[in-house]
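# Residue-level structure breakdown
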Amino acid sequence: MDLFDNTAGNVGKMQYHLRVKPGDVADYVLLPGDPGRVLLIAEHIDEPTEVAYHREYRTVTGTYRGIPVSGTSTGIGCPSASIAVEELANVGVSHFIRVGSSAAFVPGIRKGDILINVASMREDGTTAALVDDGFPAVADHFLTHALIEAGQALSRERGFGLHIGINSSADAFYAENEDRVKNRMRQRIMNIEMESAAIFTIAHLRGLKAASVCAVSYNYTAPEEIDYEGVNEALYAGWHNAIDVALEGIRRYEAKKQGS
């Protein structure tokens, strides 16, 4: 064992944080931040079974149209998301899809719209410990393309907006100010969230596949008072649409893998 590989001794075993072991999770895992949204995923899959719930990490496993699928919450931010991806990889997961919430920087993007990110500007501290400063956090092309195809089909059917672009993945939720927002807009960054940089980077380092589909929770170009007491109906619908885009994307991706 490489003494400098912190994951080597954990492969194929019960995982310390997630409390999952090989066989508990599918090859495809949806990654929301909130443990409560794992229960939303359970509403969209067949025969869901909760296999673990420890700390911020809740995991369910079931099937979607015959394809084994799991959902695991990552908690908030890249540090906890990185633990989820590392430990899921240790038990055999090969494909990761972030399904979460995100704030937009582009005029006209509405709350509840769906965002698919092709890459992430790394503004987190976690990936800085793993790769060089100039390393790009990029989603897998083929898995992302399957999400785009699924999103296009569902947006025509349901009427939600679909947007594709680059995000910022940052650590400090309350650090946004006018200068930071304008700087991201100048760079044509579409949205900001807190986990995808770690998910994309670690999946790449381990030779695995990752992608992201999020629902819009806020738009910095049209400021509004945030309702901290409840969930906006448009955002709630967006979460369900994001889950369906992820699941239908998996079906399309798997069909292409099988040549059908």
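Residues numbered from 1 in each chain as written. Predicted model: local features only at pLDDT ≥ 70, side-chain atom pairs only at ≥ 80, totals over all residues. Heavy atoms only, no water.

## Some remarks on the pattern of salt bridges
Rules: Between Lys or Arg on one side and Asp or Glu on the other, a salt bridge is scored when a side-chain nitrogen of the former is within 4 Å of a carboxyl oxygen of the latter. Each residue is placed in one exposure class: buried if its accessible area under a 1.4 Å probe, protein chains only, is under 20% of its type's maximum, exposed if it is over 50%, and partly exposed if it falls in between.
The tally for this structure, following the rule as stated, stands at 18 salt bridges. Between lysine 21 and aspartate 24 there is a salt bridge, and its shortest N-O distance comes to 3.3 Å. Overall, lysine 21 belongs to the partly exposed group, its relative accessible area being 38%. When its relative accessible area of 12% is taken as the criterion, aspartate 24 is described as buried. We note a salt bridge from glutamate 193 to arginine 98, for which the minimum N-O separation is 2.6 Å.

## As for helix α5 (residues 196-205)
An α-helix turns once per 3.6 residues; consequently, residues spaced three or four apart project the same way. Quick reminder of the rule: Only runs of H or I of at least four residues qualify as helices and only runs of E of at least two qualify as strands under DSSP, and these elements are numbered from the N terminus.
Across the ten residues of α5, eight count as buried, placing the element largely inside the fold. For α5, every residue scored as buried is listed here: Ser196, Ala197, Ala198, Ile199, Phe200, Thr201, Ile202 and Ala203. Trailing α5 by a residue or two, glycine 207 shows a phi angle of about 70°, which is positive.

## Considerations on the state of the cysteines
Formally: For the purposes of this analysis, a disulfide is any pair of cysteine sulfur atoms at a distance within 2.5 Å.
The tally for this structure, following the rule as stated, stands at zero disulfides. Looking at cysteine 78, it has no disulfide partner, and the nearest cysteine sulfur is the one in cysteine 214, 12 Å off. Under the relative-accessibility criterion, cysteine 78 is labelled buried at 0%.

## Looking at the pairing of strand β10 (residues 209-219)
Two faces, one strand: in a regular strand the side chains alternate between the faces of the sheet. The test is simple: What makes two strands pair is DSSP finding at least two bridges between them.
Buried residues dominate β10, accounting for nine of its eleven residues. Relative to β10, strand β5 (residues 95-104) is paired through ten bridges, and the arrangement is parallel. Within β10, the position partnered with alanine 104 by the bridge is asparagine 219. The sheet contact formed by strand β6 (residues 114-123) and β10 spans three bridges and is antiparallel.

## Details of the packing of helix α1 (residues 35-44) against helix α6 (residues 233-257)
The following threshold applies: A fitted line through C-alpha atoms serves as each axis, taken over the contacting stretch for helices, and the angle formed by two N-to-C directions is quoted from 0 to 180°. Oblique is the label for any angle not under 35 degrees, not over 145, and not in the 65 to 115 range, which are roughly parallel, roughly antiparallel and roughly perpendicular in turn. A crossing counts as left-handed when the near helix is turned anticlockwise from the far one by less than a right angle, and as right-handed when that turn is clockwise. Contact definition: two residues touch when any of their heavy atoms are within 4.5 Å. Note that Gly is not counted as nonpolar here; it falls among the polar residues with everything else outside the nonpolar set of Ala, Val, Leu, Ile, Met, Phe, Trp, Tyr, Cys and Pro and the charged set of Asp, Glu, Lys and Arg.
Closest axis-to-axis distance for the α1/α6 pair is 10 Å, and the angle between their directions is 55°. It follows that α1 is oblique to α6 by the angle criterion. The two elements α1 and α6 meet at a crossing, and its hand is right-handed. Here α1 contributes Arg37, Leu40, Ile41, Glu43 and His44 to the contact with α6, which in turn contributes Tyr236, Trp239, His240, Ile243, Asp244 and Leu247. Of the residues contributing to the contact of α1 with α6, the split by class is six nonpolar, two polar and three charged.

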